[in-house]
Structure formats: structure tokens, C-alpha cells
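Survey of secondary and tertiary structure
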Amino acid sequence: MPKMSPVPDDVSKGFWDACNEGRLVVQSCNSCSWLQHPPRPECYSCGSADMGWREMNGRGKIHGYCVMHDSRIRALQEHQPFIIAVIELEDAPEIKMFSHLPGTPVDDNVPVGDAVAVWFEETKGSDQKVAEWKVIG
Amino acid sequence: MASTEWFQADRYRAKEGLGVWEHKGKAAIAGLGNSPTTRRWDGDLSTSLGAWTMLAAQRALDDAGITKDEIDGVISCPQGMGDEWGAERGYFPAPYDSEDGLSGVSAHWLVKNMGLENVKTTYHAPGCMSTALVAGAEVVGSGEAKTILVVRGTGNMPGRYHQTPGDTVGGPQQWTNPWGWQLIPQIAFGFDQYCRKYGSNHDRMAPFILNQRRNGSMFPEGFYYQNRPDDLNLTVDDYLASRWICKPMNMNDCDLPIQTAGAFLITTGERARQMKKKPVYILNHVQQRGVVRSSVETLAETEEFSTSIANKCFEGSGLTAAEVDVFNPYDGFTLFTQSFLEGFGWHGVKHGEAHDFYGDDIRVEGSHPFSSSGGNNGNGRTRWWGFYDSVQQLRGEAGDRQVQVKAETAIAGAFTPQVSDWLVLGTSPD
């Protein structure tokens, strides 16, 4: 589903560059190893500004979802209704990302708890790719 | 008076462990005022937010039985919840020559245009009348000002609300907008998580929604009462058949954007006792600004936030859950209200029990008169009906909505479990 293109900034560039390279990363504190997503200028846990990136294995599970019928986002309105799922990473369950779960029927039976795998989808407004997820059972 | 500062962040009571509020009972709400309501602004300056905020403020003065000369402070939430009028549509002669007075009303705009010549203290509070009210409680409680107006004008311009155009997105929304994640999906997702954990479902919201509308049918200041009384006769079938906005949230779980203005007059307890109406003392004020771990607010975080709000309300006022007579938590999206009910444990409701409670007798005549205001769902979007009703209930002036149980204490707040501000009120300052 064609999405708005994120515009990277100084803090987010590492994440989005990795998406363009086909890698899923999460911001990691070089001082205390805290993982955080979305990324911030400093570590939320210890306050350090020495932040890096840790590569994830690209697997997760569906934590929950809702089905959007009337979005404010004009770029998505022609695709309504669509699923917005919350994905919990296998490597870091405290980290959550979003997915439209392409290929999954839009009904009341979205398989919460099922395993998903990341892929990288092109977006509408630029060459920037984003992390998306598909159910793998 | 050219501008106004934001109320100082360190003066909000945002942490647990602060003990009883040092100014408990020193400030009181002594006046209420609300303008008429309408669905949208039509460009008539007599119904602008500026004009209606002045009208609401005058009504609050009249309610207290004092004149504007006694006002020495104004606190405003300066922006409404709707979109801006926008310069492309053209502004008007002064004082309507900018957004100020049209899509929101600043404190200094009100001071200037209402001729409040003795005002020495003004502040702005972001986002919500509730935030301005807790700031007002602190300003009067601490003695910084003696008699103040707390106001908000909140409007609704022609056209669809808050549409988000474009094919690119930066800033914080770069993480959410590509998937369409915003506040509504967050709340719908949170409700789905709640139902999965506790074995409930959306249909079980119907008794609460219908009761909110019923309470709105007894609230003469409200939008539906004034403009759309037929919408207050919502049936279970109507509710269940209304279109999905973001399943499991339907249209009737969402409040209706409206154009209106409200004002609360806060003064010292001592001065309030000399004014026209029975004083309603402020026993505590509380702020909640929860920080989530990642991209979403999980159900565990929602429950943690609501519990913290309750802990702070109780700690600072000295009340217990069993001592709260009137309870008006926010309902602008109805699907998170159960979190407040359970977090406070009002009438003994525990986690997972709210929907059973909704099926009990929650009418204002009954023994569990939950949300006696009818909230935004029963009266249109303001975020202040709960405060308004709580004051009226404690005065014994709620008319057909007057609860039949004891009404000596009340708690009201808005907006979400993560971001909200609360007042604890009482008929006694102690």
C-alpha cells in the first residue's frame, strides 16, 4: 500500500538508511545498551548522547491491531479500510513498529500473536524505503 | 499587555509522593459561564470564539455576583481544538485581524477586549481547559492572584477536521503517518487490547454511550440539548450500527467538534464565601504526562498511567476512592474511559470490570451515577463538561442531572490516561 515517505533527519537517518539497504536496526545506547524506537537524540535510560544502531533479526509477532476506515492521512484514504498492526520485535519485545500486514485479509480475524517477517517497501513521495511486515505463520 | 507566558512546568503537580497539596482548600470555584454552542463557525463575528469567550466570562462573573473590576488574573488555553481560520480566507477588522479571537483566545486578547483593567497576572496553559484549571488552582492557592478567570474558546471551522495532505512527512510523524497511526488508532488498538485481556467486546459499551446521551439530555448548556436533541435518543441498535471510524471505534465513540467557549471563576476560599454561590473548594490538582516505552502506548502503560493519576489525586487531597461522590473522567473518545474508572477504583471497580459496571445502574438517579455530566459524548467537544457538572453537582444546582447520592466531593479530568489534568473538589475546604 503506497505510504507517505519519511523525511530523515539527523536522529533518524541511520534507521532509514538501513531500510534502504535492506537491514532492520534499532537505536542502541553505546553507554548502557538501552534500545529505543523511535530514536531520540539521547538515551532515555541514561541520558548519554553516544548512540548507535543494533541490527535486528527481522522477525516479530503481531502484538495487536485496529482497522482504519476513516483516516486523516489523505495518502491512505483511497485504500480504506486497512489494517494497522502493532509489531513486537523478536529480538526486543519492548520495541514496537507498525504494519499494514499486506496480504492479510481485512476482517476481524487478523492473527494476533502470529509470526511476521520484515521486508522493505518503496514509498510514494521519494526513494525512501520503510520497514513493513508479512505474516509467516 | 502584549503577550502571556506559559504557566511554569514545575508548578504542575505531576509526580507521586508530593503529599497533601500545600494549598488544599485555599482556592474555590465560585463562578461558571458557558456561551451558546453551534456545530461550526459561519464567519459571523458575534459568534466568534472571541465574542463567545467574553460572553462566557461575563456569565461566570454574573454567576459569582461580582464585576470585572475584581478580576486580577486570567488563564487561558489559547488555542482551540479545531483548525485555524487561515489567512487565505481573510481576517476582519480589529480585534479579529489575526487568528487570536477566531480559532483560539489568548489571555491578553480577553484582557484587552473585555476591559479587565485590574489584571496583573496572566498565563497560558497548553492543550486543554483542564490544564488551565489546574494552573488556576495553583495561582490562586499560592496567593499569586486572588480572583481569576480561567477560559477557553474551542471552535470548529467549515470543512473536514485536521486532514493531513502530502506524500512526505518529517518530524515525529515520520514514524507514524506512513501507516496512518495517530491518536484514534492508538485508542482503538488500546480498546482491542483491553477486550482481549479481559474478555469483553465493543457491544458492551452501549449502556455507557446511551447513558452519556441521557445525561446530555439534562444539560441545558450542552450542544445536543441546544441543537440536536434527537441525537440524544440514541438506541442500542443505532449505536451498534454506526459506521466504523477505526474498528473497534465507531462514530458514536467519538465526540462531535463544536464551537463554544467556557469560563470558570476561581477565587480564594475566603472571598468565595462572600460571593453569590456556594463555594466549591479545590482540594488538589494533578497532572499526568506519561512516557511510553516505544511507538505505541501499551495496555500495561495505559493502566499504569491511570493508576498514577488516581494515586496523585488521592494523595494530594487526602481522599480515598470510597470518598469520591461525583466522578467525571474524560470521554472524548469513549473507548478509554474505562481505564479511568478502573484506575481510580471508583465504586470498587477493578481492572476488567468496567463493562460489567456500565451494565449496572449508572443513571444519575441511581446508586452509581458515573459521568453525571454526560461528557463530550453527550454535550459536544469541549473537555470541560466534567468540571462544569462537578461544580453544579456540589452546589446542588445540576437540575434534572442532580445525583441522588451524596454530592460533597468530586473528581474531574481530561484528556487521556497518558496526558491529562485533574481537579479534586469538595464542599468543604478540609
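Residues numbered from 1 in each chain as written. Chains lettered and ligands numbered in written order. Predicted model: local features only at pLDDT ≥ 70, side-chain atom pairs only at ≥ 80, totals over all residues.

This part takes up the overall build of chain B. What chain B contains, in helices and strands, is 13 helices and 13 strands. Taking 22 Å as the expected radius of gyration for a compact globule of 430 residues, we find that chain B reaches 20 Å, a close match to that expectation. Referenced to the eigenvectors of the C-alpha coordinate spread, the extents of chain B come out at roughly 60 × 55 × 45 Å. Counting the 430 residues in chain B, one finds 58% classified as buried. Taking all contacts inside chain B whose residues are at least 6 apart in sequence as the whole, residues at least 24 apart take part in 78%. (Helix = DSSP H or I, 4+ residues; strand = E, 2+ residues; numbered from the N terminus. Rg over C-alpha atoms; globule rule 2.2 N^0.38 Å. Buried ≥ 20, exposed ≤ 12 C-beta atoms within 10 Å, placed from the backbone. Contact = placed C-beta atoms within 7 Å.)

Residues and elements named next belong to chain B. Orientation of helix H9 (residues 299–317) relative to helix H10 (residues 337–344), taken along the N-to-C sense of each, is 55°, at an axis distance of 8 Å. What the angle tells us is that H9 and H10 run oblique. Crossing geometry of H9 relative to H10 is assigned as right-handed. Along the contact surface, H9 presents Thr302, Glu303, Ser306, Thr307, Ile309 and Ala310, while H10 presents Ser339, Phe340, Glu342, Gly343 and Phe344. When its residues are assigned to classes, the contact of H9 with H10 shows four nonpolar, five polar and two charged. (Axes fitted to C-alpha atoms, helices over the stretch in contact; angles between N-to-C directions. Parallel < 35°, antiparallel > 145°, perpendicular 65-115°, else oblique. Left-handed = near helix turned anticlockwise from the far one by under 90°. Nonpolar A, V, L, I, M, F, W, Y, C, P; charged D, E, K, R; others polar.)

Averaged over every residue, the pLDDT of chain B is 97; the share at 70 or more is 100%. We note a pTM of 0.97 for the whole complex and an ipTM of 0.98 for its interfaces. (pLDDT = per-residue confidence, 0-100.)

This part is about the sheet that holds strand S2 (residues 25–29) of chain A. Residue and element names in this part refer to chain A. Sheet architecture is open: three strands sit in the order S3-S2-S4, paired in antiparallel fashion. The sheet is open, and its two edges are formed by strand S3 (35–36) and strand S4 (51–55), each paired on a single side. Looking at chain direction, S2 and S4 are connected through five bridges and run antiparallel. Paired with Val25 across the bridge in S4 is Glu55. Of the strands in this sheet, S2 and S4 touch helix H1 (residues 13–20), which is tilted by about 150° from S2. (Pairing = 2+ DSSP bridges.)

On to the nonpolar core. Grouped together as the largest cluster of nonpolar side chains are 107 residues, with contacts concentrated most on Val74(B) and Leu110(B). Broken down by element, the residue count for this core peaks at nine residues, all from helix H1 (residues 49–64) of chain B. Excluding anything up to four places from it in sequence, Leu110(B) contacts Thr53(B), Met54(B), Ala57(B), Val74(B), Ser76(B), Val105(B), Leu116(B) and Val151(B). Trp16(A), Cys19(A), Ile83(A) and Ala188(B) belong to the second-largest nonpolar core, a separate cluster that totals 45 residues. (Core = buried A, V, L, I, M, F, W, Y, C linked by C-beta atoms within 7 Å.)

So, on to the interface of chain A and chain B. At the interface, 35 residues of chain A touch 32 residues of chain B. Of all the elements in the fold, those that place two or more residues in the side of chain A that touches chain B are strand S1 (5–6), strand S5 (59–68), helix H2 (74–77), strand S6 (82–89) and strand S7 (96–99) of chain A. With five residues, the top contributor of residues to the side of chain A that touches chain B is S5(A). Its residues assigned to classes, the side of chain A that touches chain B comprises 17 nonpolar, 10 polar and eight charged. Bridging between S1(A) and strand S6 (residues 168–169) of chain B involves two bridges; their strand directions are parallel. If you follow Pro6(A) over to S6(B), its bridge partner there is Val169(B).

Moving on, we come to the sheet that holds strand S3 (residues 73–76) of chain B. Residues and elements named next belong to chain B. Taken together, 10 strands build an open sheet; the order of strands is S1-S4-S3-S5-S9-S2-S10-S13-S12-S11 and the sheet is mixed. Edge strands, defined here as strands with exactly one partner in the open sheet, are strand S1 (5–6) and strand S11 (326–328). Across four bridges, the pairing between S3 and strand S4 (residues 121–124) is parallel. The residue bridging Val74 from the neighbouring strand is Thr122, located in S4. Taken strand by strand, helix H3 (residues 129–141) contacts strand S2 (27–34), S3, S4, strand S5 (147–154), strand S9 (260–268), strand S10 (280–289), strand S12 (409–415) and strand S13 (419–426), and its axis lies near 50° from that of S13. Most of the contacts of H9 go to S10, to which it runs at about 150°, and overall it touches S10, S12 and S13.

Moving on: the pairing of S2(A). Looking along a regular strand, one sees side chains alternate from face to face of the sheet. Residue and element names in this part refer to chain A. Counting buried positions along S2 gives five out of five residues, so the element sits mostly inside the fold. A two-sided burial pattern is seen for S2, the buried positions comprising Val25, Gln27 and Cys29 on one face and Val26 and Ser28 on the other. Between S2 and S3, which follow one another and run antiparallel, lie five residues, and Ser33 among them has a positive phi close to 70°.

Another point: H1(B). All names here are of chain B. With 16 residues, H1 extends 22 Å between its outermost C-alpha atoms, agreeing within 8% with the 22 Å of an ideal straight helix rising 1.5 Å per residue. Most of H1 is tucked away, with 13 of its 16 residues classed as buried. Positive phi shows up at Gly65, right after H1, with a value of about 80°. (Expected span 1.5 Å × (residues − 1).)

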